[in-house]
There are 2 protein chains.
Amino acid sequence: MAYHRLPEPQIRTFCESVMQKHGFNDKQSRDITDVILTADLQGLESHGVQRLIRYHNGMKSGTIKADVQPEVIHETPLSVALDAHSCMGHIASVEAMERAIEKAKAHGFGVATVKNSNHFGVGGYYAMMAVREGMMGMCFTNTEAISVPTFGKKAMLGTNPIAFAMPADPVPMLYDVATTVVPRGKLEVYAKQGKPMPLGWAVDENGNDTDDAARVIANIKNKAGGGILPLGGSSPGSGSHKGYGLELIVEILSSILAGGNTSNHVASNGLGDTSQSFFAIDLKMFGDPDDMRARLSTLMQELRDSDKADGRDRIYTPGEMEVYSREDKLKNGIPVNDSTLAELRGIAEELGMDFDAMVEVLD
Amino acid sequence: MAYHRLPEPQIRTFCESVMQKHGFNDKQSRDITDVILTADLQGLESHGVQRLIRYHNGMKSGTIKADVQPEVIHETPLSVALDAHSCMGHIASVEAMERAIEKAKAHGFGVATVKNSNHFGVGGYYAMMAVREGMMGMCFTNTEAISVPTFGKKAMLGTNPIAFAMPADPVPMLYDVATTVVPRGKLEVYAKQGKPMPLGWAVDENGNDTDDAARVIANIKNKAGGGILPLGGSSPGSGSHKGYGLELIVEILSSILAGGNTSNHVASNGLGDTSQSFFAIDLKMFGDPDDMRARLSTLMQELRDSDKADGRDRIYTPGEMEVYSREDKLKNGIPVNDSTLAELRGIAEELGMDFDAMVEVLD
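Residues numbered from 1 in each chain as written. Chains lettered and ligands numbered in written order. Predicted model: local features only at pLDDT ≥ 70, side-chain atom pairs only at ≥ 80, totals over all residues. Heavy atoms only, no water.

Q: Whenever I open this one, empty space enclosed by the protein confuses me. Can you help?
A: Regions of empty space are outlined by a rolling probe, equal in size to a water molecule, passed over the atoms. What the rule picks out here adds up to 1 cavity of 30 Å³ or more. Quantified by volume, the largest cavity comes out at close to 320 Å³. If you list the elements that add at least two residues to the lining of the largest cavity, you get β5 (136-141), β6 (162-166), α8 (240-258) and β10 (274-281) of chain A together with β5 (136-141), β6 (162-166), α8 (240-258) and β10 (274-281) of chain B. The dominant element in the lining of the largest cavity, judged by the number of residues it contributes, is α8 of chain B, at 4 residues. Class assignment for the residues of the lining of the largest cavity results in 23 nonpolar, no polar and no charged. (1 Å grid on protein atoms, 1.4 Å probe; cavity = no way out; pocket = protein on both sides within 12 Å on 5 of 7 lines; lining within 4 Å. Points joined across faces, edges and corners; volume = space filled by probe spheres on them. Helix = DSSP H or I, 4+ residues; strand = E, 2+ residues; numbered from the N terminus. Nonpolar A, V, L, I, M, F, W, Y, C, P; charged D, E, K, R; others polar.)

This is how it looks when you write it as structure tokens:
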């Protein structure tokens, strides 16, 4: 499938306009777009504008509601719990992290939970909101169940990602990964190409390791059993119980704290009902923030400079590649494939916008 | 190597007496012993009484100091930073978690960091201190560097375990794992038996995957390069970058926050200088704690009841096996091998105690 590049300022304006057409105000439209484009800029295409069609369709069908506001349902000096009422996940998440940061500024620590939310895009975005305030940031979300517990054959937990960010120079520490060994998208690539996928990624409907990606994808769609494995694969010898436990930690830090549905019951009512939590931690609680920043910067430089394995010429620190990706894409445009480009044009047409007048397709 | 069982109350009294002989007061002796025996009771032999000889020798040589107290070097309403001054890690850790819990009781959240500490035993012990107060507990420690970053061949980060615990019935959720794919002890077992270990556990001095455990152990001892792999193995395809990043998160949550040496510089001065952090989080910050406890209990029962893979008859939840192990060992005694038994007798002799008068060896 061919790729095309779209100038970042133009696709940004287009996305903001789409959100305004759906009824979001200026700040909301800017926030949603900034989360979406951050994914593209960081090289996480799956969470970028290629997902705009899903949000657009979700708003059309009512699973994502544009005309509701997150509601505070519980609050303490350090914490706030929001009910998103099935609003756009990005809106609830930006508000939640803003509230957590505000509390952390006042007291050192702030946390916000959200229930009845929708897909919130790239979690690292919210963790980095705290970093821009000089703080440590974390966020967690559950998802629809797709991962099997160790020794199981039924998907019970989500991809349940962890996002963690901390100030450092010249690049921050930014960790944003699913606690499954791979995301669903990786299986889809192997399924499309008809290639056997590596063992240790997923199990079939009997709970056996399989290299048949198409079969796993079909099973997931049909809820026929099987699913993706936790980080660590299928055997405790390779650490499967460690990944399974991490998935459960994220489940606790999202649905259990927020009062929402656990992954194995998410979407059972046809509405978005994922849960999230957002942590902001002021480094002044621990001593001198500049000292922590300097020592982490030193450690990450030592990691990048440390001896390379045979055949390798670089060691990256978490979040480093994302910085290079952003520089490249701001300069050269955001890559989208034929299918995404067609979807963007379709959205524009439905909303009475002229895509090609707004966005130049570079190649 | 043959195993013997020691009655729990007797080995407990013995350990407490050993600590008293080293100059610890009654509470300190009880606390240290309780951490050590919790490891044995939960089936984590490596962190139990088999390690008493290392603590004993550490106190004799002065790397672990019995006559110092942790000192508060920074404090806010929600946080406290301690300098352990190379005291017994267990002492500093119990005090740190007690202080974190006290702050969480007053404000909802409490965190304590510790620097210049020593091996603190089984991290789950401290996380469970919070659970006994109805709270969520977490702790993190760095260690001497033993793990290579993705694409590296030099050990730069520690086994850097994560401990996380949360109230639930009939068994709590207790997660306590190294962020390396396996602990060093697993390699030692393969090295002793002369068996090839699974690929994906460790790399040799050139950064290549190896099944030669003895070579890796020797390389680690001689600082000749290579080491244990992060959870996820050696390739990003199996999630190596996810484990490497988790190791770095734990490094941030221990040495960077505490102001201590990072794993790649730990023990460079011949003293214990690991760093730790301890988090206590009051569930009332998020809503009704009984509701959270009930919903997590339901989810964990659903996990245990979910469909089993071919050839498997049980799915465990994190911390469940440890509960069964404790019941078994309280009833039938704590297993120690010949070598540990000889060490315990040697410690007793050095300290002028009569081991066999204090502890009955059951078989």
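Alright, that's what it looks like, and here's the rest.
Q: Is there a simple way to think about the sheet that holds β6 of chain B in this case?
A: Each strand in a sheet pairs with its neighbour through backbone hydrogen bonds, running either in the same direction (parallel) or in the opposite one (antiparallel). Residues and elements named next belong to chain B. Judged by pairing direction, the sheet is mixed, and its 7 strands sit side by side in the order β2-β3-β4-β10-β5-β6-β7 without closing on themselves. One side of each edge strand has no neighbouring strand; the edge strands of this open sheet are β2 (71-76) and β7 (173-177). When the angles between neighbouring strand axes are averaged without regard to direction, this sheet yields 10 degrees. Across 5 bridges, strand β3 (residues 79-83) lies against strand β4 (residues 109-117) in parallel orientation. In the strand pairing of β4, L82 is matched with V114. (Pairing = 2+ DSSP bridges. Axes fitted to C-alpha atoms, helices over the stretch in contact; angles between N-to-C directions.)

Q: What exactly am I supposed to notice about the sheet that holds strand β3 (residues 79-83) of chain A here?
A: An order of β2-β3-β4-β10-β5-β6-β7 (chain A) is seen for the 7 strands of this open sheet, with the pairing classed as mixed. The open sheet has two free edges, formed respectively by β2 (71-76) and β7 (173-177) of chain A, since each of these has just one partner strand. Mean inter-strand twist for the sheet, computed between neighbouring axes without regard to direction, equals 10 degrees. Pairing geometry for β2 of chain A and β3 of chain A, over 5 bridges, is antiparallel. In the strand pairing of β3 of chain A, H74 of chain A is matched with A81 of chain A. Across the face of the sheet, α8 of chain B comes into contact with β5, β6 and β7 of chain A while running at roughly 135 degrees to β7 of chain A. (Contact = heavy atoms within 4.5 Å.)

Q: Hey, could you run me through the packing of aromatic side chains in this one?
A: Both the distance between ring centres and the angle between the ring planes are used here to describe each pair of aromatic rings. For the structure on display, the rule yields 17 aromatic pairs over all chains. Measuring from ring centre to ring centre gives 5.2 Å for F120 of chain A and Y126 of chain A, while their planes differ by 35 degrees; the resulting arrangement is tilted. For F120 of chain A, a relative accessible area of 4% corresponds to the buried category. By relative accessible area, Y126 of chain A is classed as buried at 0%. Relative to W201 of chain B, the ring of Y190 of chain B lies with its centre 5.4 Å away and its plane at 90 degrees, an arrangement referred to as edge-to-face. (Phe/Tyr/Trp six-rings, centres within 6.5 Å; stacked < 30°, edge-to-face > 60°. Buried < 20%, exposed > 50% of the residue type's maximum accessible area, 1.4 Å probe, protein only.)

Q: Teacher, can you tell me more about the domain arrangement of chain A here?
A: Accessible area lost during the coming together of the parts is what is often quoted as the interface size. All names here are of chain A. According to the domain assignment, chain A contains domain 1 (1-61 + 327-363), domain 2 (63-181 + 232-306) and domain 3 (182-228). Counting residues at the interface gives 12 residues for domain 2 and 16 residues for domain 3. Between domain 2 and domain 3 we count 1 salt bridge in total. The salt bridge partner of E144 is K223, with a shortest N-O separation of 3.5 Å. On the surface where domain 2 and domain 3 come into contact, there are 6 residue pairs in polar contact (both at pLDDT 80 or more). Its residues assigned to classes, the side of domain 2 that touches domain 3 comprises 4 nonpolar, 5 polar and 3 charged. (Domains from an automatic or database assignment. Salt bridge = Lys/Arg side-chain N within 4 Å of Asp/Glu carboxyl O. Polar contact = N/O pair within 3.5 Å; in protein donor to acceptor, adjacent residues only side chain to side chain.)

Q: Before we go on, may I ask you to explain the interface of chain B and chain A in this structure?
A: Counting residues at the interface gives 79 residues for chain B, matched by 79 residues for chain A. Of the roughly 6600 Å² buried where chain B meets chain A, counting both sides, 70% is carbon and sulfur surface. By the criterion of area lost to chain A, the three top residues of chain B are F151, K242 and F286 of chain B, representing 12% of everything that side buries. Taken together, chain B and chain A are joined by 0 salt bridges. At the level of secondary structure, the elements contributing two or more residues to the side of chain B that touches chain A comprise β2, β3, β4, β6, β7, α8 and α9 (289-305) of chain B. The element that contributes the greatest number of residues to the side of chain B that touches chain A is α8 of chain B, accounting for 14 residues. (Buried area = accessible area lost by both parts, 1.4 Å probe.)

Q: What is the right way to look at the packing of helix α4 (residues 89-107) of chain A against helix α5 (residues 124-131) of chain A in this model?
A: Think of two packed helices as two axes; the pair is described by the angle between the axes and how far apart they sit. Residue and element names in this part refer to chain A. The N-to-C vectors of α4 and α5 enclose an angle of 25 degrees; their axes lie 10 Å apart at closest approach. Our classification of the angle between α4 and α5 gives roughly parallel. Viewed along their axes, α4 and α5 form a crossing whose handedness is right-handed. Seen from α4, the contacting residues are H90, S93, V94, M97, E98 and I101; seen from α5, they are Y125, Y126, A127, M129 and A130. Looking at the contact of α4 with α5, its residues break down into 8 nonpolar, 2 polar and 1 charged. (Parallel < 35°, antiparallel > 145°, perpendicular 65-115°, else oblique. Left-handed = near helix turned anticlockwise from the far one by under 90°.)

Q: I keep staring at unusual backbone geometry and nothing clicks. Help me out?
A: Here the amide bond leading from D169 of chain A into P170 of chain A is cis, since omega sits at 0 degrees, within 30 degrees of zero. When you line up the elements, P170 of chain A lands in the loop between β6 and β7. Unlike most non-glycine residues, N116 of chain A shows phi in positive territory, near 55 degrees. Checked against the element boundaries, N116 of chain A lands in strand β4 (residues 109-117). Within the chain, H85 of chain B stands out as a residue other than glycine whose phi angle is a positive 50 degrees. If you trace the backbone, H85 of chain B turns up in the loop between β3 and α4 (89-107).

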